[in-house]
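# Structural features, examined
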Amino acid sequence: MPYETIEVSPISPALGAEISGVNLAEPLGNQAFSEIHDALMEHQVIFFRDQELTLDQHKDFGRRFGELHIHPAMPGPEGHPEILVIHTDENSKYAAGQGWHTDVSADIEPPMGSILHLHQVPESGGDTMFASMYAAYEALSDDMKSFLGDLQAHHESEHVHSRGYVSRSGKLRDGENAYPAALHPIVRTHPVTGRKGIYVNSGFTTRIEGLSATESRAVLDFLFKHIETPEFHCRFSWRNNSIAFWDNRCVQHRALWDYRPHVRSGHRVTVKGDRPV
Ligand code: SIN
C-alpha cells in the first residue's frame, strides 16, 4: 500500500509496523489520519517513537478513530475518565495485562482499539507481546475452522476486575455495568478488512456455549495454547515516549513484568468498538 505522509516499516511478517514522519501532538490532517488507519488495518498493531503527548493530545488522537471508551472498573485521573493509568513500580503487587488478552472483551461492544503511551520505561525489559488472531485462525485446519465457526463463548469480567491490577481502584463505571459479561462468536469477522480471526482469550473467556464443561475446557485450552505460537507474534521494546496502537478486533497482547524494581509508567486511551459478528 503506498503511503505519502508517513513511513511504515513492518517489524514481523504476522503483524506490527513502526510508523514515522508524524507528530501526534499536532492535529492530524485527513490524509495522515487515513494513512495511519490504513496502516493499522494492514499491520494490526502500529508503533510510534518520540511522541510527547499531554493527556488531552492523547485523547484527541484517540477521538480521530471513534468515541472513547471508559473502563468499567478503573477510574482515570481527575477530569480524565477516558484515561487508563498503566503504572508499575517496586511496590506494585500486580502489573497490567500480564496474561494474553484483548481489552475488555466482556463488554457487549468491546473496544476496537487501544492506544498506549509510555513516558517512563525501564532500561531493559517491559516489552509487550502481540499475537495476530488472523494468523492464528488461518493456521487452523478447514475442519477446525468449520467446527469453531458455529460456536459462541462467554466472556466475563468479575474474576478479572474484582482482583489483581484493576481492583486497586475500587470505583466503577456505573453500578449496573461494573462487571460486564457477553456472549461472542469464537470466530469474528473484522468489520473493516473482512478477515476472520479467533476471538477468545484466556483473560476473559470462561466457557463455550452448548459444550459440556469438559469439552469447553479442552477446546479453550487448545485455543489459548495455539495463540501462543511464536510465528503469530511480534514483540515491541519500548523507549520513553513510545506509543503502541493495537486493533483489539484481531490482536491479543501480553505485557511482560521482568523489570522489578524499576518503573514503567504511562497512559492508555481506548476507542469504542462494535458488537463482534
Ligand atoms: C494493557 O493490557 O493495556 C497493558 C499493556 C502493557 O502495559 O504493555
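These notes cover the structure that comes with them. Since the structure is predicted, the reported quantities are computational estimates derived from the model, not experimental observations.

The tally for this structure, following the rule as stated, stands at twelve salt bridges. Taking the shortest distance from any N to any O, the salt bridge between Lys-59 and Glu-82 comes out at 3.0 Å. Here the residue Lys-59 occupies a position in helix α2 (residues 55–63), and Glu-82 occupies one in the loop between α2 and β4 (83–88), the gap between them amounting to 23 residues. The partner of Asp-221 in a salt bridge is Arg-217, with the nearest N and O atoms 3.0 Å apart.

This brings us to the nonpolar core. Formed by 25 residues in total, the largest nonpolar core has its most connected members in Val-22, Leu-24, Leu-28, Ile-36, Ile-46, Phe-48 and Phe-61. When residues of this core are traced back to their parent elements, those giving at least two are α1 (30–43), β3 (45–48), β13 (242–247) and β15 (264–271). In terms of residues, this core owes the most to one element, α1, which gives six residues. Not counting chain neighbours up to four residues away, the residues in contact with Ile-46 comprise Ala-17, Ile-19, Ile-36, Ala-39, Leu-40, Ile-243, Ala-244 and Phe-245. In this structure, Leu-140, Ala-153, Ile-186 and Phe-232 belong to the second largest nonpolar core, which totals 23 residues.

A separate point is the side chain of His-253. Relative to the helices and strands, His-253 is located in strand β14 (residues 251–255). Overall, the relative accessible area of 5% leaves His-253 in the buried class. Here Asp-103 takes part through its side chain, which lies 3.3 Å from a polar atom of the side chain of His-253. Excluding residues that lie within four positions of it along the chain, His-253 makes contacts with Gly-99, Trp-100, His-101, Asp-103, Thr-128, Met-129, Phe-130, Trp-246 and Asn-248.

Conventions adopted
Residues numbered from 1 in each chain as written. Predicted model: local features only at pLDDT ≥ 70, side-chain atom pairs only at ≥ 80, totals over all residues. Heavy atoms only, no water. Salt bridge = Lys/Arg side-chain N within 4 Å of Asp/Glu carboxyl O. Helix = DSSP H or I, 4+ residues; strand = E, 2+ residues; numbered from the N terminus. Core = buried A, V, L, I, M, F, W, Y, C linked by side-chain atoms within 4.5 Å. Buried < 20%, exposed > 50% of the residue type's maximum accessible area, 1.4 Å probe, protein only. Contact = heavy atoms within 4.5 Å. Polar contact = N/O pair within 3.5 Å; in protein donor to acceptor, adjacent residues only side chain to side chain.

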